[in-house]
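Chain by chain, the residues:
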Amino acid sequence: MHSFLTYPLLISLTLFAAPAFAERIMTADEFAQMVTGKTLYFNRFGEAFGAEQYFDDKRVIWAFEDGQCQRGIWFENAAGEICFIYDNDPGSQCWNFLEGDGGEYRARLSGADPSQDLVTRKIGNDALDCPLPDLGV
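These figures come from a predicted structure and were not determined experimentally.

1. A short note on the overall build of the protein
Along the protein, the regular secondary structure elements total two helices and nine strands. Taken from N to C terminus, the helices and strands of the protein fall in the order α-β-α-β-β-β-β-β-β-β-β. Burial analysis of the protein (137 residues in total) assigns 33% to the buried set. By sequence separation, contacts in the protein at least 24 residues apart represent 40% of the contacts at least 6 residues apart. Total accessible area on the protein is roughly 9,000 Å²; 57% of this is exposed by carbon and sulfur atoms.

2. Quick word on the state of the cysteines
This structure, assessed with the given rule, holds two disulfides. Each disulfide pairs two cysteine sulfurs, and for Cys69 the partner residue is Cys130, the sulfurs being separated by 1.9 Å. Its torsion about the S-S bond being -70 degrees, the disulfide of Cys69 and Cys130 is classed as left-handed. Note that Cys69 is positioned in strand β5 (residues 69–76) and Cys130 in the segment after β9 (118–124), a separation of 61 residues in sequence. In the protein, the bonded cysteines, taken in the order they occur along the sequence, pair up as 1-4, 2-3.

3. So, the environment of Ile85
Relative to the helices and strands, Ile85 resides in strand β6 (residues 82–86). With relative accessibility at 28%, the residue Ile85 sits in the partly exposed group. In sequence terms Ile85 and Trp74 are eleven residues apart; their C-alpha atoms lie 6.6 Å from each other. Each residue touching Ile85, except ones within four places of it in the same chain, is listed here: Arg71, Gly72, Ile73, Phe75, Pro90, Gly91 and Ser92.

4. Observations regarding the side chain of Arg106
Locating Arg106 in the fold gives a position in strand β8 (residues 105–109). Classification of Arg106 by relative accessible area gives buried; the value is 17%. There is a polar contact of 3.3 Å between the side chain of Arg106 and the side chain of Asp117.

5. A few points about the packing of aromatic side chains
Under the counting rule described, the total for this entry stands at nine aromatic pairs. Seen from their ring centres, Phe31 and Trp74 are 4.9 Å apart, and the 90 degrees between their planes marks the pair as edge-to-face. Highlighted residues: Phe31 in helix α2 (residues 28–35) and Trp74 in strand β5, separated in sequence by 43 residues. For the residue pair Phe31 and Trp74, the accessibility class agrees, reading buried in each case. Centroid distance Trp62 to Phe64: 5.6 Å. Interplanar angle 85 degrees. Geometry classified as edge-to-face. Under the relative-accessibility criterion, Trp62 is labelled buried at 7%. Across the ring face of Trp74, the terminal group of Lys58 is positioned such that the distance to the ring centre comes to 4.6 Å.

6. Looking at the environment of Phe97
Mapping Phe97 onto the fold places it in strand β7 (residues 89–100). On the accessibility criterion, Phe97 (4% relative accessible area) is buried. If near-sequence neighbours (up to four positions away) are discounted, Phe97 is found in contact with Arg24, Ile25, Met26, Phe31, Phe42, Tyr54, Ile82, Phe84, Arg106 and Ala107.

Scoring rules and cut-offs
Residues numbered from 1 in each chain as written. Predicted model: local features only at pLDDT ≥ 70, side-chain atom pairs only at ≥ 80, totals over all residues. Heavy atoms only, no water. Helix = DSSP H or I, 4+ residues; strand = E, 2+ residues; numbered from the N terminus. Buried < 20%, exposed > 50% of the residue type's maximum accessible area, 1.4 Å probe, protein only. Contact = heavy atoms within 4.5 Å. Areas by Shrake-Rupley, 256 points an atom, 1.4 Å probe, with all protein chains shown as cover. Disulfide = S-S within 2.5 Å. Polar contact = N/O pair within 3.5 Å; in protein donor to acceptor, adjacent residues only side chain to side chain. Phe/Tyr/Trp six-rings, centres within 6.5 Å; stacked < 30°, edge-to-face > 60°. Lys NZ or Arg CZ within 6 Å of the ring centre and 35° of its normal.

Here it is as structure tokens:
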């Protein structure tokens with residue numbers, strides 16, 4: 001015999017077991033639409049971490065907060081992750097880009113704990129201050 005008190009308890013347990021926010025992994029096409037021609041600024045652990053500028057041909061420039069810049073490319077791997085290869089590192093770094101309920105975007109390194117996520121703080125159209133190497137006067 002079921003008690004009417006059991007149902008409110010089950011409902012409240014279900015609500016508390018649900019995540020605080022839902023997130024959805026973006027497809028490579030969605031990612032391309034969001035980033036092409038844009039610059040994304042990221043925080044990590046609540047602090048400014050860096051920014052990445054995305055070009056039409058999947059080229060990117062990553063700039064750390066200290067001004068150090070790296071050029072590279074992005075592509076989708078067989079697992080549907082967004083991977084980056086930078087000029088100074090021949091290995092690829094693969095990420096899932098996640099869209100949250102409130103329009104928040106996160107980048108999570110493949111296999112990393114969510115506490116390590118990069119969180120977008122701003123999406124703009126401005127170019128990063130990263131001159132090409134060897135263009136001195």
